[in-house]
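The residues making up each chain are set out below.
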Amino acid sequence: MSSAKSSIRLFNTMSKSKQDFSPLDENNVRMYVCGPTVYDYAHIGNARPAIVFDVLFRLLRHVYGQEHVTYLRNITDVDDKINARAARDYPDLPLNEAIQKLTKTTQQQYEADMAELGCLEPTRQPRATDHIAEMIEMIETLIKSGHAYEAQGHVLFAVKTFKSGEVLQYGKLARRSLDDMLAGARVEVAPYKRDPMDFVLWKPSSSDLPGWDSPWGKGRPGWHIECSAMSKKYLGEIFDIHGGGIDLPFPHHENELAQSCCANNTEQMAQVWMHNGFLQINGEKMSKSDGNFYTVDELLHTEKFGGRSWPGDVLRVAMLMKTYREPIDFSLSKLKEAEKILGRWKKSMADLGLKFIEENRTEYSEFGPCSKMVAALSNDMNMAGVMAELHRHSKGERLHNARRLFGSLKLLGVVTFDSMQKWEQATQKLLDNAPDSTLIEVAIANRLEALNDKNWVEADRIRDELASQGIKLTDSKDSETGKRVTNWEVGK
RNA sequence: GGCCACGUGGCGGAGUGGUUACGCAGCGGAUUGCAAAUCCGUGUACCCCAGUUCGAUUCUGGGCGUGGCCUCCA
């Protein structure tokens, strides 16, 4: 166990290198991941961080114990996009009610989607609007300590005050100097900013927008402060892992880091910063603004992508076929390959002797993952290594292989006892719905007779007829006698 | 324009200063018509140029290409 603990290595965006992971408190490993802004269906690209960090969550639970990992994923429910969408979708409701309704249903949809993709619920999913008081408190602290200032109803964070000694810290996560950022600035700078890069902690709300009373008048928080306030409340001033998409290092995480360190007077916010790569479609980033996206719900429940729907476990495997930091080209061939591989894994488990019937449930819950697979996973979630181990067990010949395969797939969140039970029952159901099996046996016997007579035409006629009823024949040879043995199964 | 990442066999996708995963597809075989299923076998690939080295796909420099960030974004 202790060797496993010390062997987790994670790529840290801050240092741009893989580092040994050692939690601040082994009894409470803490991870914060930036979650969805709940104004619309999640697309499959939005699901990647949920899946990637779910796998990490599961690995940490495996290594440190289920009760010793805290995983927070926030729900952003205050945002200009939400306001706009609520007004559009519920024009007859008062805005506050419309927003309530929109954010609530969107969050439920998100949680349902992620569950279908095999993701565990995080330990907590705090909502921004439930933590306005904590945000205001942190902003006040920042003003008192000179890191923030009020200007025309806004409160702004002064980026140049984020220093360690005399060294400017702002920009160190994204590895960008203030000059670099200014050179590339594409937005007009508000005149009341002391520095062009200063960002909003609090902004005024007009009467037609959601707002909360504050020392600076009725207003609403800026985007970044919620994560600083909520992570502090539930995880402490410094925690272990902070994750999110590769678009977040700048500005979101850079700003969170600045706020948190300045408010808490700490040198760091998280030990490790992790970022997942994007999904691409035809080589371009999948994004809502470009319109080249598929929602999780569409993939699961409609035939919009590739003319068919896709099970959650297939989508999950497809997503795990590449290192989390690299982009994935989301394509039909990828999903097909994932489905084929996953089908084979399931079949091998059954062929090697696993039976997902109730009396086995307790015994099977004890099956653990293959240690080499855990080792690969511990190496910054090296999924290629993980896949190789899964394939190795899938091709094994012993019951042991099946147990390890099940244990490994379970750890990855790809299968559960229940999902395998359903799979087994579905396979069985196909058999039950097939035409009378004695008739099939007779047909097979007739075909065999025809084959022995070298009457190929008649033999093929029988086979084709069965095929038309969805019965697929597979010929093999008995290893003892050398005689032809014909099995049948119900095809798709 | 600035910053960052990546560029591997038909495709997907790891990794390594020398023995070169894994998967998909293909090909050959087990298989005594054809097919399917299964199993076995089969692939010396690493963008270009220069440098370091006994030796580079792996290190260094330059170039080209692709993608991302610099504005809301997973």
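Remember, it's a predicted structure, so these values are computed and weren't measured experimentally. (Residues numbered from 1 in each chain as written. Chains lettered and ligands numbered in written order. Predicted model: local features only at pLDDT ≥ 70, side-chain atom pairs only at ≥ 80, totals over all residues.)

Participant: Explain the overall build of chain A to me, please; I cannot follow it from the model alone.
Facilitator: Across its full length, chain A carries 18 helices and 17 strands. C-alpha extents for chain A along the principal axes are approximately 95 × 60 × 45 Å. Looking at chain A residue by residue over its 492 residues, the buried ones come to 40%. Put simply, 70% of the contacts in chain A that link residues at least 6 apart link residues at least 24 apart. (Helix = DSSP H or I, 4+ residues; strand = E, 2+ residues; numbered from the N terminus. Buried ≥ 20, exposed ≤ 12 C-beta atoms within 10 Å, placed from the backbone. Contact = placed C-beta atoms within 7 Å.)

Participant: Where do I start with the sheet that holds strand β9 (residues 199-204) in this structure?
Facilitator: Each strand in a sheet pairs with another by means of backbone hydrogen bonds, the pair being arranged parallel or else antiparallel. Across the sheet, which stays open at both edges, the four strands sit in the order β5-β6-β9-β10 with antiparallel pairing between neighbours. Looking along the sheet, the strands with just one partner apiece sit at the ends: β5 (148-151) and β10 (219-221). Sheet twist, expressed as the mean angle between neighbouring strand axes with direction ignored, is 20°. In the sheet, β5 pairs with strand β6 (residues 154-157) via four bridges, with the strands oriented antiparallel. Across the sheet, the residue bridging to A148 is F157, located in β6. With respect to the sheet, helix α5 (residues 132-144) is in contact with β5, β6, β9 and β10, its orientation differing from that of β5 by roughly 100°. (Pairing = 2+ DSSP bridges. Axes fitted to C-alpha atoms, helices over the stretch in contact; angles between N-to-C directions.)

Participant: What am I meant to see in the domain arrangement of chain A here?
Facilitator: Size of an interface, as often reported, equals the accessible area lost when the parts are brought together. Split by domain assignment, chain A resolves into domain 1 (10-276), domain 2 (280-431) and domain 3 (434-490). Distance from the C-alpha centre of domain 2 to the C-alpha centre of domain 3: 33 Å. (Domains from an automatic or database assignment.)

Participant: Hey, could you run me through the nonpolar core in this one?
Facilitator: I139, L142, A148, F157 and L201 are the most contacted members of the largest nonpolar core, which totals 120 residues. Among the elements that make up this core, the one with the highest residue count is helix α2 (residues 44-64) (13 residues). Counting the residues that make up this core, at least three belong to each of domain 1 (10-276) and domain 2 (280-431). (Core = buried A, V, L, I, M, F, W, Y, C linked by C-beta atoms within 7 Å.)

Participant: How should the pairing of strand β3 (residues 29-33) be read in this particular structure?
Facilitator: Within a regular beta strand, the side chains point alternately toward one face of the sheet and then the other, so they alternate between its two faces. Among the five residues that make up β3, five are buried, leaving the element largely enclosed by the rest of the structure. Alternating positions in β3 separate into two faces, V29, M31 and V33 on one and R30 and Y32 on the other, with burial throughout. Relative to strand β4 (residues 69-73), β3 runs parallel, the two being bridged by five bridges. Counterpart to V33 in the pairing with β4 is R73. Traced from β3 through α2 to β4, the parallel crossover comes out right-handed. With three bridges connecting them, β3 and strand β11 (residues 239-245) associate as parallel partners. Note on β11: the bridge partner recorded for Y32 is H242. (Right-handed = clockwise from strand over helix to strand, strands pointing away.)

Participant: Just checking my understanding: could you explain the sheet that holds β4 for this structure?
Facilitator: If you walk across this open sheet you meet the four strands as β4-β3-β11-β12, and the pairing is parallel. The sheet is open, and its two borders are formed by β4 and β12 (270-276), each paired with just one other strand. Going from strand to strand, the sheet's axes swing by 20° on average, the running direction of each strand aside. Against the sheet, helix α7 (residues 225-235) engages β3, β4 and β11, with an angle of about 160° to β4.

Participant: I would appreciate a short explanation of the environment of E441 in the present structure.
Facilitator: In this fold, E441 is placed in helix α17 (residues 437-452). The class for E441 is exposed, based on 12 C-beta atoms found within 10 Å. For the pair E441 and N487, spaced 46 residues apart in sequence, the C-alpha to C-alpha distance is 9.4 Å.

Participant: Honestly, the confidence of the model for chain A in this entry has me stumped. Any pointers?
Facilitator: Mean pLDDT over chain A stands at 89; residues scoring 70 or higher make up 94%. Looking over chain A, one finds the lowest element-wise mean pLDDT in helix α1 (residues 2-7), namely 55, and the highest in β4, namely 98. Across the whole predicted complex the pTM is 0.91, and at the interface the ipTM reaches 0.92. (pLDDT = per-residue confidence, 0-100.)

Participant: Teacher, can you tell me more about α7 here?
Facilitator: Every α-helix carries 3.6 residues per turn, so stepping three or four residues along brings you back to the same face. α7 sits mainly inside the fold: nine of its 11 residues count as buried. Among all positions of α7, only I225, E226, C227, S228, A229, M230, S231, K232 and L235 are buried.

Participant: I tried to follow the packing of α5 against helix α8 (residues 249-264) on my own but got confused; where do I start?
Facilitator: A packed helix pair is summarised by two numbers, namely the angle formed by the two axes and the spacing between the axes. The N-to-C vectors of α5 and α8 enclose an angle of 70°; their axes lie 9 Å apart at closest approach. Classified by the interaxial angle, the pair formed by α5 and α8 is roughly perpendicular. For the crossing formed where α5 meets α8, the hand is left-handed. Each of M138, T141 and L142 in α5 lies in contact with α8, whose residues at this interface are Q259, C262 and A263. A per-class count over the contact of α5 with α8 returns four nonpolar, two polar and no charged. (Parallel < 35°, antiparallel > 145°, perpendicular 65-115°, else oblique. Left-handed = near helix turned anticlockwise from the far one by under 90°. Nonpolar A, V, L, I, M, F, W, Y, C, P; charged D, E, K, R; others polar.)

Participant: Would you explain helix α11 (residues 332-351) in this entry?
Facilitator: Taking 1.5 Å per residue, 20 residues should reach 28 Å; α11 reaches 28 Å between its end C-alpha atoms and fits that length. Phi turns positive, to about 115°, at G353, one or two residues after α11. (Expected span 1.5 Å × (residues − 1).)

Participant: I'm lost on unusual backbone geometry in this one. Help?
Facilitator: Trans peptide bonds make up most of the peptide bonds, and negative phi angles are found at most residues other than glycine. Across the junction of F250 and P251, the peptide omega takes the value 0°, indicating a cis bond. Position of P251 among the secondary structure elements: in helix α8. Residue K16 is not a glycine yet carries a positive backbone phi of 55°. Considering the arrangement of structural elements, one finds K16 in the loop between β1 (9-12) and β2 (17-20).

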